Amino acid sequence: LLLLLLPGRMGVTVKRILAPLADIPPASSVAYVVAPGDAKLLRGDEFLITVRVERGQPERLRLELQPDTRGATVVYDLVAGATNEWRFTLAGYERSFHYRVVGGGTWSRTYRVGLLDRPSLVDVHTVLHYPDYLQPLAPVVSAPQVVDVTGPEGSTVEVIARVQGDVVRGEIQRLELATNGPVHLVGSLAMDRVTNDLWHGQFLLTSNGSYRVEFLNELGNANKPMSPARFVALPDRPPQVAIERPG
């Protein structure tokens, strides 16, 4: 409460005494708000930084950017707009970084932008587990990138995928394919992470249809769509006995 009542420069001095290692901007006749602040971004995408000046008229505002790898600080000039808003668009940056805005005798706090990669499928294959009454038969492991699967009704299809990039969620998607039309999603099953880059999920083979797997990063960016794969359930018909003649 005391800090709120102290004049600007005195309040800053007290803050620096209480937190000598903190990056506390000096008091100034200029005040501004930086957006978006901390953020996450798809690697290679554009990143727009805006500064709204709320008090004073700065002659120049600069963006100071430093990579997470502690490389050299890069400085850019923000562009003033018709109103009290300044802008700068960073394009094609490939490393996570910290940034702050400097100008008007003060500076903003330091923000971090983490860059994420889009998920990328490296390999997908299946393992067909037969129903209980056929358990003496060993599971059938497909070759890499072979995703069509056929088996007796009641079998379990395990889908195993190796994925690169930043992944937070994966799912098996059941599809409805229209002739020369779009692909429709009719259901999905969550996949589980086995290791950092290995995921698996499964579904019960009870009918014929199509499926694919999809993986998302924290921003909701998905991998390049996988070509739909077919699954076929072979009916388990009981033996038919016909008596052609007595005796």
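Residues numbered from 1 in each chain as written. Predicted model: local features only at pLDDT ≥ 70, side-chain atom pairs only at ≥ 80, totals over all residues. Heavy atoms only, no water.

Undergrad: How should the overall build of the protein be read in this particular structure?
TA: In terms of regular secondary structure, the protein is built from two helices and 20 strands. Expressed as a percentage of the 247 residues in the protein, the buried residues total 36%. In the protein, of all internal contacts separated by at least 6 residues, the share reaching a separation of at least 24 is 62%. For the protein, the exposed area adds up to about 15,200 Å²; of that, 53% sits on carbon and sulfur atoms. (Helix = DSSP H or I, 4+ residues; strand = E, 2+ residues; numbered from the N terminus. Buried < 20%, exposed > 50% of the residue type's maximum accessible area, 1.4 Å probe, protein only. Contact = heavy atoms within 4.5 Å. Areas by Shrake-Rupley, 256 points an atom, 1.4 Å probe, with all protein chains shown as cover.)

Undergrad: Which parts of the structure should I look at to understand the side chain of T126?
TA: Here T126 is to be found in strand β11 (residues 120–129). For T126, a relative accessible area of 3% translates into the label buried. Every residue in contact with T126, bar those within four places of it in the chain, is listed here: V140, V141, S142, V146, V147, V149, V157, E158 and Y211.

Undergrad: Any chance you could explain the packing of aromatic side chains here in plain terms?
TA: For any pair of aromatic rings, the description rests on two quantities: the centre-to-centre distance and the angle between the ring planes. Using the criterion set out here, one finds 10 aromatic pairs in the structure. Measuring from ring centre to ring centre gives 5.7 Å for W199 and F215, while their planes differ by 65°; the resulting arrangement is edge-to-face. Note that W199 is positioned in strand β18 (residues 198–204) and F215 in strand β19 (residues 209–216), a separation of 16 residues in sequence. Given the relative accessible area of 4%, W199 is considered buried. (Phe/Tyr/Trp six-rings, centres within 6.5 Å; stacked < 30°, edge-to-face > 60°.)

Undergrad: I'm lost on the sheet that holds strand β17 (residues 192–193) in this one. Help?
TA: The strands that make up a sheet are held in pairs by hydrogen bonds between backbone atoms, and each pair lies either parallel or antiparallel. Judged by pairing direction, the sheet is antiparallel, and its five strands sit side by side in the order β12-β11-β14-β18-β17 without closing on themselves. Each edge of the sheet is formed by a strand with only one pairing partner; in this case those strands are β12 (140–141) and β17. (Pairing = 2+ DSSP bridges.)

Undergrad: Can you walk me through the pattern of salt bridges in this structure?
TA: Between side chains of opposite charge, pairing is possible as soon as their charged atoms come close. For the coordinates displayed, the defined rule picks out nine salt bridges. We note a salt bridge from D77 to R60, for which the minimum N-O separation is 2.7 Å. Of this pair, D77 sits in strand β5 (residues 74–77) while R60 sits in the loop between β3 (47–55) and β4 (62–67), and the two are 17 residues apart along the sequence. Across the salt bridge formed by R112 and D68, the nearest N and O atoms sit 2.6 Å from each other. Pair noted here: R112 is in strand β10 (residues 111–116) and D68 is in the loop between β4 and β5, with a separation of 44 residues, a long-range link. Owing to a relative accessible area of 35%, R112 belongs among the partly exposed residues under this scheme. The partly exposed category is assigned to D68, whose relative accessible area is 29%. (Salt bridge = Lys/Arg side-chain N within 4 Å of Asp/Glu carboxyl O.)

Undergrad: Quick question: what am I supposed to make of the sheet that holds strand β7 (residues 85–90) here?
TA: As summarised here, the arrangement of the four strands in space is β1-β3-β7-β6, forming an open sheet in which the pairing is antiparallel. The sheet terminates laterally at β1 (31–35) and β6 (79–80), the two strands that pair on one side only. Taken together, the two bridges between β6 and β7 define a ladder with antiparallel strand orientation. Residue pairing in the sheet places A80 in a bridge with W86 of β7.

Undergrad: Quick question: what am I supposed to make of unusual backbone geometry here?
TA: Excluding glycine, most residues fall at negative phi; most peptide bonds, likewise, are trans. Each neighbour pair has its own omega, and for A35 with P36 the value is 10°, a cis peptide bond. Summarising the element assignment, P36 is placed in the loop between β1 and β2 (39–42). Non-glycine residue Q145 carries a positive phi angle of around 70°.

Undergrad: Is there a simple way to think about the side chain of S28 in this case?
TA: Counting through the fold element by element, S28 comes out in the loop between α2 (8–18) and β1. Apart from residues no more than four positions distant in its own chain, S28 is found in contact with R55, G104, G105 and T106.

Undergrad: Would you explain the nonpolar core in this entry?
TA: Considering soluble globular proteins, one finds that nonpolar side chains tend to be buried as a cluster. Of all hydrophobic cores here, the largest spans 23 residues; its most connected members are F47 and Y99. The set of elements that each furnish at least two residues to this core consists of β1, β2, β3, β4, β7, β8 (97–103) and β10. Per element, the largest residue contribution to this core is four residues, and it comes from β3. Counting 22 residues, the second largest nonpolar core, distinct from the first, contains V149, F203, A229 and F231. (Core = buried A, V, L, I, M, F, W, Y, C linked by side-chain atoms within 4.5 Å.)

Undergrad: Help me understand the environment of A229 in this model?
TA: Note that A229 resides in strand β20 (residues 229–234). Here the alpha-carbon distance between A229 and V149, two residues 80 residues apart in the chain, equals 8.1 Å. Once you skip the residues sitting within four places of it in the chain, A229 turns out to touch V147, D148, G209, S210 and Y211.

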